[in-house]
2 protein chains.
Amino acid sequence: MTSTDPTPPLRPTRQRKAVAEAMASFADFRSAQEIHELLGDRGEQVGLATVYRTLQRLADAGEVDVLRTEDGEAIYRRCSDTHHHHLVCRSCGATVEVEGPTVERWTSSMAAEHGYADVSHTLEIFGTCPRCA
Amino acid sequence: MTSTDPTPPLRPTRQRKAVAEAMASFADFRSAQEIHELLGDRGEQVGLATVYRTLQRLADAGEVDVLRTEDGEAIYRRCSDTHHHHLVCRSCGATVEVEGPTVERWTSSMAAEHGYADVSHTLEIFGTCPRCA
DNA sequence: ACCCGAGTTGACAATCATTCTCAACTCGTC
DNA sequence: GACGAGTTGAGAATGATTGTCAACTCGGGT
């Protein structure tokens, strides 16, 4: 293997910083297009393609969570670095990160019971938050 | 209420039967396009738009499950009528329906803890099935 | 300061799944 | 056998996302 293939250099460009800042400025899930728009409002001119590329990197790096709306659109949100799930308000989008050993254990045992290995899972909870109730 | 608005008439057309049969012929998740193709192979000529429409009806009626692949494509599968989740093989797509009060309870309590009402959730488990291991 | 190559960017074209449009068609019924 | 509502299909339209590629920017030498 000739490939040491270290972390390929990542440059802190104006655009990347702008996206990172934008992501830090809201707590719910937003679509790439919305984020792009938000950048425009802030006066930070960033190409849509770049927004997509950057969000993808961030997602790969585990710095943002990606979800799919009912109609298949990808939405993003900054997140903590530990494994967790989301409790999302159907009406206003307010999001709470939740976690706990219960589900983790349950999914593992279900998988084991059927002989599945290398298990991972996705779990999202939707509801109406107290403020929207 | 003037609206008795009963089940709007649903006609058992050749196309709808064909799709229903097709859905019964496989046990994993397939995309609308794949299902359309499968119909073609079977000699049942059905328009793509109709396949989409029919799948949507079936999904609304709860007769098929819909999932989103990593890249946002919708995939369908016939399912039992009770609430359940899926254990899907990442490599061959083999699917097992799983259910249990544990998760249901966990999600409810999490929601309650944060004051969320009207809760629903989605949960999918991915892994490598025994045959693909 | 200046040069250079690799990593980046952006405008725009290209993809691709899904939905829309609407005239022609089919069912079950009268 | 005719009627009207529900259906269908071909193709256009939509909309998110990705690809293309020439121009640009960074940071490390020199």
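Residues numbered from 1 in each chain as written. Chains lettered and ligands numbered in written order. Predicted model: local features only at pLDDT ≥ 70, side-chain atom pairs only at ≥ 80, totals over all residues. Heavy atoms only, no water.

In the annotation of an unreviewed UniProt entry, chain A is listed under the name Transcriptional repressor and assigned to Nocardioides endophyticus. Taken from UniProt, the Subcellular location (unreviewed entry) comment for chain A reads in full: "Cytoplasm". If you open the UniProt record of chain A and go to Subunit (unreviewed entry), you find "Homodimer." (UniProt positions renumbered as here; feature names shortened; annotations may be inferred.)

**Points about the nonpolar core**
By size, the foremost hydrophobic cluster in this structure holds 22 residues, and its most contacted members are Leu87(A), Trp106(A), Tyr116(A), Leu87(B), Trp106(B) and Tyr116(B). Residue assignment for this core shows that the elements contributing at least two residues are strand 4 (85-89), helix 4 (101-113) and strand 6 (117-128) of chain A together with strand 4 (85-89), helix 4 (101-113) and strand 6 (117-128) of chain B. What Trp106(A) contacts, discounting residues up to four positions off in sequence, is Val98(B), Glu99(B), Gly100(B), Thr102(B), Val103(B), Leu123(B) and Ile125(B). (Core = buried A, V, L, I, M, F, W, Y, C linked by side-chain atoms within 4.5 Å. Buried < 20%, exposed > 50% of the residue type's maximum accessible area, 1.4 Å probe, protein only. Helix = DSSP H or I, 4+ residues; strand = E, 2+ residues; numbered from the N terminus. Contact = heavy atoms within 4.5 Å.)

**Regarding the protein's contact with DNA strand D**
Neighbouring residues of DNA strand D: 22 residues in total, closest Arg11(A), Tyr52(A), Arg11(B), Arg16(B) and Thr50(B). The sugar and phosphate moieties of DNA strand D supply 62% of its atoms located within 4 Å of the protein. Side-chain polar atom of Gln56(A) to a phosphate oxygen of DNA strand D: 3.0 Å apart, as the coordinates give it. Those elements that place two or more of their residues in the surface near DNA strand D are helix 3 (48-60) of chain A together with helix 1 (14-24) and helix 3 (48-60) of chain B. With four residues, helix 3 of chain A is the single largest residue contributor to the surface near DNA strand D. In terms of residue class, the surface near DNA strand D is made up of six nonpolar, seven polar and nine charged. (Near = heavy atom within 4 Å. Polar contact = N/O pair within 3.5 Å; in protein donor to acceptor, adjacent residues only side chain to side chain. Nonpolar A, V, L, I, M, F, W, Y, C, P; charged D, E, K, R; others polar.)

**Structural notes on the interface of chain A and chain B**
Tallying the contact residues gives 38 residues for chain A and 38 residues for chain B. At the boundary of chain A with chain B, the tally comes to zero salt bridges. Our enumeration of links across chain A and chain B arrives at 14 residue pairs in polar contact (both at pLDDT 80 or more). Elements with a contribution of two residues or more to the side of chain A that touches chain B: strand 4, strand 5 (95-98), helix 4 and strand 6 of chain A. Tallying contributions element by element places strand 6 of chain A first for the side of chain A that touches chain B, with 12 residues. Across the side of chain A that touches chain B, the residue classes break down as 18 nonpolar, 13 polar and seven charged. Pairing analysis gives nine bridges linking strand 6 of chain A to strand 6 of chain B, with the strands arranged antiparallel. Each residue of the ladder has a partner; that of Glu124(A), found in strand 6 of chain B, is Thr122(B). (Salt bridge = Lys/Arg side-chain N within 4 Å of Asp/Glu carboxyl O. Pairing = 2+ DSSP bridges.)

**Structural notes on unusual backbone geometry**
Residue and element names in this part refer to chain A. Of note in the backbone geometry, aspartate 118 takes a positive phi value of approximately 60 degrees without being a glycine. Its place among the elements puts aspartate 118 in strand 6. Note on aspartate 118: relative accessible area 59%, which makes it exposed.

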